[in-house]
Amino acid sequence: MAVRPIHLTFFDHTAVEDCDARCNMAWAPKSAMDMIRAQLEQDFDGEVIVEYIDVAQPANQLLYGDLARRVETENLATPIITIDGVPKLSGNVEYRTIVEAIETYREVSRGRSV
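The rules behind each value
- Residues numbered from 1 in each chain as written.
- Predicted model: local features only at pLDDT ≥ 70, side-chain atom pairs only at ≥ 80, totals over all residues.
- Heavy atoms only, no water.
- Helix = DSSP H or I, 4+ residues; strand = E, 2+ residues; numbered from the N terminus.
- Buried < 20%, exposed > 50% of the residue type's maximum accessible area, 1.4 Å probe, protein only.
- Contact = heavy atoms within 4.5 Å.
- Areas by Shrake-Rupley, 256 points an atom, 1.4 Å probe, with all protein chains shown as cover.
- Salt bridge = Lys/Arg side-chain N within 4 Å of Asp/Glu carboxyl O.
- Pairing = 2+ DSSP bridges.

Colleague: Got a minute to help me understand the overall build of the protein chain in this structure?
Modeller: Counting its regular elements, the protein chain contains 4 helices and 4 strands. Secondary structure elements of the protein chain, listed N to C terminal, follow the sequence β-α-α-β-α-β-β-α. Out of the 114 residues in the protein chain, the part that is buried amounts to 36%. Long-range contacts, defined here as pairs at least 24 residues apart, represent 64% of the contacts in the protein chain between residues at least 6 apart. Carbon and sulfur atoms form 51% of the exposed surface of the protein chain, whose accessible area is close to 7,000 Å².

Colleague: Quick question: what am I supposed to make of the side chain of Asp 54 here?
Modeller: Among the structural elements, Asp 54 can be located in strand β2 (residues 48-54). Residue classification places Asp 54 among the buried positions, given a relative accessible area of 7%. Once residues lying within four places of it in the same chain are set aside, the contact partners of Asp 54 are Asp 12, His 13, Thr 14 and Asn 60.

Colleague: When you look at the pattern of salt bridges in this model, what are you seeing that I'm missing?
Modeller: Between side chains of opposite charge, pairing is possible as soon as their charged atoms come close. Following the criterion strictly, the structure yields 7 salt bridges and no others. The partner of Arg 4 in a salt bridge is Asp 84, and the shortest N-O contact between them spans 3.3 Å. Taken together, the positions of Arg 4 in the segment before β1 (6-12) and Asp 84 in the loop between β3 (80-83) and β4 (86-90) put the pair 80 residues apart, joining distant regions of the chain. Among the residues examined, Asp 84 registers a relative accessible area of 21% and is labelled partly exposed. For the salt bridge of Arg 70 with Glu 74, the shortest nitrogen-to-oxygen distance reads 3.1 Å. With Arg 70 and Glu 74 both in helix α3 (residues 61-74) and 4 residues apart, this pair spans about one turn of that helix. Residue classification places Arg 70 among the partly exposed positions, given a relative accessible area of 43%. What makes Glu 74 partly exposed here is its relative accessible area of 42%. Within the structure, one salt-bridge network assembled from shared partners comprises Arg 96, Glu 100 and Glu 103.

Colleague: It is not clear to me how the pairing of β3 should be interpreted in this structure. Could you clarify?
Modeller: Burial along β3 is two-sided: the residues Ile 80 and Thr 82 and Ile 81 and Ile 83 are all buried. Examined bridge by bridge, β1 and β3 share 4 bridges and lie antiparallel to one another. What sits directly across from Leu 8, in β3, is Ile 83. Sheet analysis places β3 next to β4, joined by 4 bridges and oriented antiparallel.

Geometric values such as these leave the question of function open.
Below is the structure:
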């Protein structure tokens, strides 16, 4: 039986300086996302789909304008990471933390052991 892929979305706001996540770090969303995407595809054998959305980009304002405003006004740490649309992590998280969140989600939501 085919398993529906898990959608992992990274919502970033590149117009906002976020010291919790970025001060003194070389955060480069494109290169970081390429690395994370490739590693997750390898680790989960295609069971995880990774998407990166910069809510500060004009093309994303229609769909994600409310989130962009909340990041700005509430000083939310970015990136905000959702798993199948549910916010799970935010700010500067290590790769292992992302993997653990996916494994927990997979186990709980699908009744499977990892």
